[in-house]
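Each chain is listed here by its residues.
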Amino acid sequence: MALLNKKNLIIQCVFAVCFLCAAAVGITLGIALAETRNIQNIENVGEYQPSLPSQILDANDRLITEFFSDEKREIVSIDELPKHLLYALITREDRDFFQHKGFSVRGTFRALWNNITGNYVSGGSTITQQLAGNMRPEVDRSEISIKRKIIELWWAFQLERSHTKYEILEEYLNRMYFGSGVYGVEAACRFYFGHSAREITLAESAALVIQLANSVRYNPLKYPNRLKIIQQKLLDQMVELGYATQQGADLSFEEYWNNFDYTRSSSSTAFFEREDKAPYFSEYVRQQLDELLYGARNIYKDGYIVHTTLNLDFQAKADELMQQGLAEVNAAYRLNSDRRMVYAEQEFVPIIDMLSLTFDIGNLRVAGSKEKQNARKIYQKNLNPVVDIASMLFGMDEMKFNAQMGYALEKKTSQRTTVEGALVAIENSSGRIISMVGGSRFESINQFNRAVQAEVQPGSSFKPLYYAAAVEARKITPSTMIYDSPVVFWNDDGTAYSPNNYKGEWKGPVLVREALARSMNVPSLRVLERIGFDGAINTASKLLGITSPDQIARIFPRKYPIGLGIISVAPIQMARAFATFPNQGREVVPIGIRYIEDRNGRIILEPEKELRDEQRRKAQGAQLISPQAAYIMTNMLQSTVEWGTLGHIKRVVDGFTMPMAGKTGTTQNWSDIWTVGFSPYYTTAVWFGFDQPGNSLGVSQTGALAAGPVWGKYMKFIHTNLEPRTFPRPDGIVEATVTSRSGLLPPPGYEGKVSKEVFIAGTEPKRIDDFIEFEKDRDAITLQRIMDSLQLQELPLQDSLSASAGGLRIDTSILSGGDLSQENEFFDRSIYDDSSSNPLLLD
């Protein structure tokens, strides 16, 4: 009886389990069927929900632009496509394609294992499943859920039932997204390779199908080296499966990379056809979105709403001022160039031509060179486009090649002779980008964002970054005296470096504040010498946001020219570095995207919140320099605007009362010019220069005179409705009155020029300025005694004495045998010439 009851119980349990399973399957299939209306019309499965463009909004939710894609496709029959393209697709995405009926158990487990081991070969979804998910708008392929898989699988079965395998492949290749805003194999081939899919090579096929799974990581235009590695692996797999020969794969791979154009930048046709109020910023945001919204998410179709940090009012003013600035700088450059050409033709051409005729050297003759140059310009501007059109009309490949060479030559000439520029402004406290101009007119042939991507020399605008290191290490104060005179510095490798000041002028003895405000080279390099390469590079790299040891080693040479800004940086890096000073030494990370919503208004990503969380986790790690050092640097850089190289800005921005600080920069040969500066609210960097180095803007074009006015006018505009605010002053700052001639404390009854100076507590001078004066014809014995004392102390002559018609200054501690270095470590031991006065000065 008990055995019978147990048997009945088992039967009941089995029936119950079967019932529950049947119910679960029935419910699941019911849901799937409810989601799959119009099964009989499989060709129209993608018509339920239209594609929506992604909207890019400014900080006040005003529309900047929309990202959408032009999905007009040229349908290519599978019979016209090379077999190796199909083999590459099957190898990469679905090796069991011709064996399964829409679902592959082996493929699913293989994908799971590859994900665990990190060795991606192909995905878990079959080609049919991918196509089904792409055709059904309610299938969000970025969602990981059983429901999504079931719906996708159902439609995959319908496709397999109603289509042949080759029809599925044809639909797949003509429909899928291949990255960079292109859909379908024909559009993708023309975009990436410049020819029809009918002509695609074996290596190109491998490169193309790789874009299907991850068009961001393996984009051939952005990350060619990444693509090269995975492309080689895929070709090897095709050889293993018998889809290609080893020799054919190797030859095709070699041909692909031998002809690869590394200079080409990524773009999409639809991107340039849209209305855009901030195109360079939008491109910056688009690249950020490609990184953030990876996988199946599509910024051109999925209707995202991207809330950015940009202020359209500020952006409009930045565009206006930069266009004016570019026009003026280009006009001045052309005028300078014409003057140089006229001078050369008048003074040198006759001499050179005479020599060429005298010695029968035909190649040396330059008469008529101007006419040849003008003829070349006429051809490039007027005739080359006609040649290009004719080559296409008549199918003349050689003529087409010549036209392309003409365009390339014109572009190269333009890069050398057209002045470009950039402006980027950020909020000090948050790093929010409020405006960005990456160059002149943004178009398909000029989409290089110089504000972010340029690698140009900052010149003297780099100096504050290592001055900050010296202030932080207490190697200098604003009143430290430094000697400005010709000097030779010796690099670590034993090479000599002898810098000059702007226009070759020398000041003699100067205080650090004046050296920075007036951008003096030798005093600045003496500051670099005090802090050392390690201290200077460590601080500068942190301020610029450069953390990779390899990058630091590549960007920062351990030679003295680094002190004059002989490195490569982008304007946005200079803006973040300078913004650290008004932000009391805390790290400033530029950010352009606040948060992203999907088409239903659901927040899916919050980049700004993530950045703030990361900065909070860093705690003291985000404090790049102390608040006290940051304040000292801010205070010194205010002098640049008040009476230094930016002192003339007062006339440009008359009536502007907001405190300002900044620095100008002009590189060697006047090839790059900068102004970078800040208020208590915002920091702005302005740069003008050439895309191709080697040309000169002319001696009249400096950071102060050309970039300074643009910076000043823009800063005045963005502060129009803001209350004047002083820079925050931290604890640990003290003030002291010092003499302008030495930076030391004035003695009782001192009648010379004095100034109130700021110091980090403990670094203020303790010593009294005890200089005394002698007339030049005073007792020669006294002078000899001084010279003897100098020799006894074995002071280097260039650091001890400088005589001229103006006078001689020597510290009186030498006369008494005192040790100068013990008196005040912030006082430079230099003895200097004061050419502004006649008496012989001894200090």
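Parameters and conventions
- Residues numbered from 1 in each chain as written.
- Predicted model: local features only at pLDDT ≥ 70, side-chain atom pairs only at ≥ 80, totals over all residues.
- Heavy atoms only, no water.
- Buried < 20%, exposed > 50% of the residue type's maximum accessible area, 1.4 Å probe, protein only.
- Helix = DSSP H or I, 4+ residues; strand = E, 2+ residues; numbered from the N terminus.
- Phe/Tyr/Trp six-rings, centres within 6.5 Å; stacked < 30°, edge-to-face > 60°.
- Lys NZ or Arg CZ within 6 Å of the ring centre and 35° of its normal.
- Salt bridge = Lys/Arg side-chain N within 4 Å of Asp/Glu carboxyl O.
- Patch = residues over 30% accessible without salt bridge, like charges linked within 9 Å, V, L, I, M, F, W, Y side chains within 5 Å.
- Areas by Shrake-Rupley, 256 points an atom, 1.4 Å probe, with all protein chains shown as cover.
- Lys, Arg positive; Asp, Glu negative; His and termini not counted.
- Charge placed at Lys NZ, Arg CZ, Asp CG, Glu CD.
- Contact = heavy atoms within 4.5 Å.
- Pairing = 2+ DSSP bridges.
- Core = buried A, V, L, I, M, F, W, Y, C linked by side-chain atoms within 4.5 Å.
- Axes fitted to C-alpha atoms, helices over the stretch in contact; angles between N-to-C directions.
- Polar contact = N/O pair within 3.5 Å; in protein donor to acceptor, adjacent residues only side chain to side chain.
- Parallel < 35°, antiparallel > 145°, perpendicular 65-115°, else oblique.
- Nonpolar A, V, L, I, M, F, W, Y, C, P; charged D, E, K, R; others polar.

Draft legend 1. How the structure looks around helix α22 (residues 571-579). Within α22, eight of the nine residues are buried, which leaves the element mostly enclosed by the surrounding structure. Where α22 is concerned, the buried positions are Pro571, Ile572, Met574, Ala575, Arg576, Ala577, Phe578 and Ala579.

Draft legend 2. Examining the packing of aromatic side chains more closely. Taken as a whole and judged by the stated rule, the model has 25 aromatic pairs. Ring centres of Phe314 and Tyr682 lie 6.0 Å apart, and the angle between their planes is 75°; on these two criteria the pair is classed as edge-to-face. Note that Phe314 is positioned in helix α13 (residues 312-347) and Tyr682 in strand β14 (residues 682-690), a separation of 368 residues in sequence. Neither Phe314 nor Tyr682 differs from the other in exposure class; each is buried. Each ring, one from Phe581 and one from Phe678, has its centre 6.4 Å from the other, and the planes form 50°; the classification is tilted. Here the residue Phe581 occupies a position in the loop between α22 and β10 (593-597), and Phe678 occupies one in strand β13 (residues 672-678), the gap between them amounting to 97 residues. What makes Phe581 buried here is its relative accessible area of 2%. By relative accessible area, Phe678 is classed as buried at 0%. Aromatic rings pair up to connect Phe191, Tyr192, Phe193, Phe253, Tyr256, Trp257 and Phe260 into one cluster. Above the ring of Phe97, the side-chain terminus of Lys165 is found at 4.3 Å from the ring centroid.

Draft legend 3. Highlighting the pattern of salt bridges. Applying the stated criterion across every chain yields a total of 30 salt bridges. Glu160 serves as the salt-bridge partner of Lys165, at 2.9 Å between the closest nitrogen and oxygen. Residue classification places Lys165 among the buried residues on the basis of a relative accessible area of 16%. What makes Glu160 buried here is its relative accessible area of 14%. A salt bridge links Arg518 to Glu514; its shortest N-O distance comes to 3.3 Å. Note on Arg518: relative accessible area 39%, which makes it partly exposed.

Draft legend 4. Up close: a negative patch on the surface. Together, Asp236, Glu240, Asp250 and Glu254 give the surface a local cluster of negative charge. Of all the elements in the fold, those that place two or more residues in the negative patch are α9 (224-240) and α10 (246-258). With respect to the helices and strands, the residue Glu240 is situated in helix α9. On the basis of relative accessible area, Glu240 is assigned to the exposed category, the value being 68%.

Draft legend 5. Main features of the environment of Leu637. Inspection of the secondary structure assignment puts Leu637 in helix α24 (residues 627-642). Under the relative-accessibility criterion, Leu637 is labelled buried at 0%. Spatially, the C-alpha atoms of Leu637 and Arg513 are 8.3 Å apart, while their sequence positions differ by 124 residues. The contact partners of Leu637, leaving out residues within four places of it in the chain, are Pro464, Leu516, Phe578, Phe581, Ala661, Gly662, Lys663 and Phe678.

Draft legend 6. Expanded view of the pairing of strand β12 (residues 661-666). Most of β12 sits inside the fold, with five of its six residues counted as buried. The pairing of β12 with β13 spans six bridges and is classified as antiparallel. Its bridge partner lying in β13, Thr664 is registered against Thr675. Connecting β12 to the antiparallel partner β13 that follows it, the hairpin turn spans five residues, and Asn669 within it adopts a positive phi of roughly 65°.

Draft legend 7. How the structure looks around the nonpolar core. Counting residues in hydrophobic clusters, the biggest one holds 93 residues, and the most contacted among them are Phe281, Leu289, Tyr467, Leu528, Leu544 and Phe556. For this core, the element with the highest residue contribution is helix α20 (residues 521-544), accounting for eleven residues. Contact partners of Tyr467, with chain neighbours within four places excluded, come to Ile476, Val512, Ala515, Leu516, Pro523, Ser524, Val527 and Met633. Counting 53 residues, the second-largest nonpolar core is a separate cluster that includes Phe97, Leu169, Met176 and Leu235.

Draft legend 8. Main features of the sheet that holds strand β5 (residues 433-437). Reading across from one edge, β5-β4-β14-β13-β12 is the order of the five strands in this open sheet, with antiparallel pairing throughout. Here the strands that pair on one side only, and so sit at the sheet edges, are β5 and β12. Across this sheet, the average inter-strand angle for adjacent strands is 5°, counted without regard to direction. With four bridges connecting them, strand β4 (residues 419-427) and β5 associate as antiparallel partners. For Leu423, the partnering residue across the bridge sits in β5 and is Val437. On top of the sheet, helix α26 (residues 703-718) reaches β4, β5, β12, β13 and β14; it is set at about 30° to β13, its chief contact.

Draft legend 9. Spatial organisation of unusual backbone geometry. One non-glycine residue, Ala619, adopts positive backbone phi at about 55°. Here Trp670, not a glycine, exhibits a phi torsion of approximately 55°, which is positive. Tracing the chain through its elements places Trp670 in the loop between β12 and β13.

Draft legend 10. Structural detail: the side chain of Lys165. Inspection of the secondary structure puts Lys165 in helix α6 (residues 165-175). For Lys165, the side chain forms a polar contact with the main-chain oxygen of His100, separated by 2.8 Å. A polar atom in the side chain of Lys165 sits 2.9 Å from the side chain of Glu160. Setting aside chain neighbours within four positions, we find Lys165 in contact with Phe97, Phe98, His100 and Glu160.

Draft legend 11. Molecular detail of the packing of helix α2 (residues 83-93) against α9. Between α2 and α9, the least distance of the axes is 10 Å, while the angle of their chain directions is 100°. Between α2 and α9, the angle is such that the two are roughly perpendicular. For the pair α2 and α9, the contacting residues are His84, Tyr87, Ala88, Thr91 and Arg92 in the first and Ile230, Leu234, Gln237 and Met238 in the second. Residues of the contact of α2 with α9, tallied by class, amount to five nonpolar, three polar and one charged.

Draft legend 12. Inspection of the packing of helix α8 (residues 202-213) against α10 at higher detail. Where α8 meets α10, the closest approach of the two axes is 7 Å, and the angle between their N-to-C directions is 75°. As far as their axial angle goes, α10 and α8 are roughly perpendicular. In contact with Leu202, Ala203, Glu204 and Ala207 of α8, α10 contributes Gly248, Ala249, Ser252, Phe253 and Tyr256. Here the contact of α8 with α10 is composed, by residue class, of six nonpolar, two polar and one charged.

Draft legend 13. Representation of the side chain of Ser215 within the structure. Positionally, Ser215 belongs in the loop between α8 and α9. With relative accessibility at 15%, the residue Ser215 sits in the buried group. Aside from chain neighbours lying at most four places away, what touches Ser215 is Tyr177, Phe178 and Gly179.

Draft legend 14. Broad picture of the sheet that holds strand β1 (residues 54-57). Strand order in the open sheet made by the five strands is β2-β1-β3-β10-β11, with mixed pairing throughout. Each end of this open sheet is capped by a strand with a single partner; those strands are β2 (63-67) and β11 (603-605). Each adjacent strand pair in this sheet contributes to an overall mean axis angle of 25°, direction not counted. Along the sheet, helix α23 (residues 607-618) makes contact with β10 and β11, crossing β10 at roughly 130°.

Draft legend 15. Inspection of the environment of Ala630 at higher detail. Here Ala630 shows up in helix α24. For the pair Ala630 and Arg729, spaced 99 residues apart in the sequence, the C-alpha separation amounts to 9.5 Å. Apart from the residues lying within four places of it in its own chain, the contact partners of Ala630 are Thr580, Phe581, Gln584, Gly585 and Ile625.

Draft legend 16. Inspection of the environment of Glu455 at higher detail. Residue placement: Glu455 occurs in the loop between α17 (450-453) and α18 (463-472). The exposure class assigned to Glu455 is exposed, which follows from its relative accessible area of 58%. Between the C-alpha atoms of Glu455 and Val569, which are 114 residues apart in sequence, the distance is 4.8 Å. For Glu455, the residues in contact, after removing those within four places along its chain, are Ser568 and Val569.

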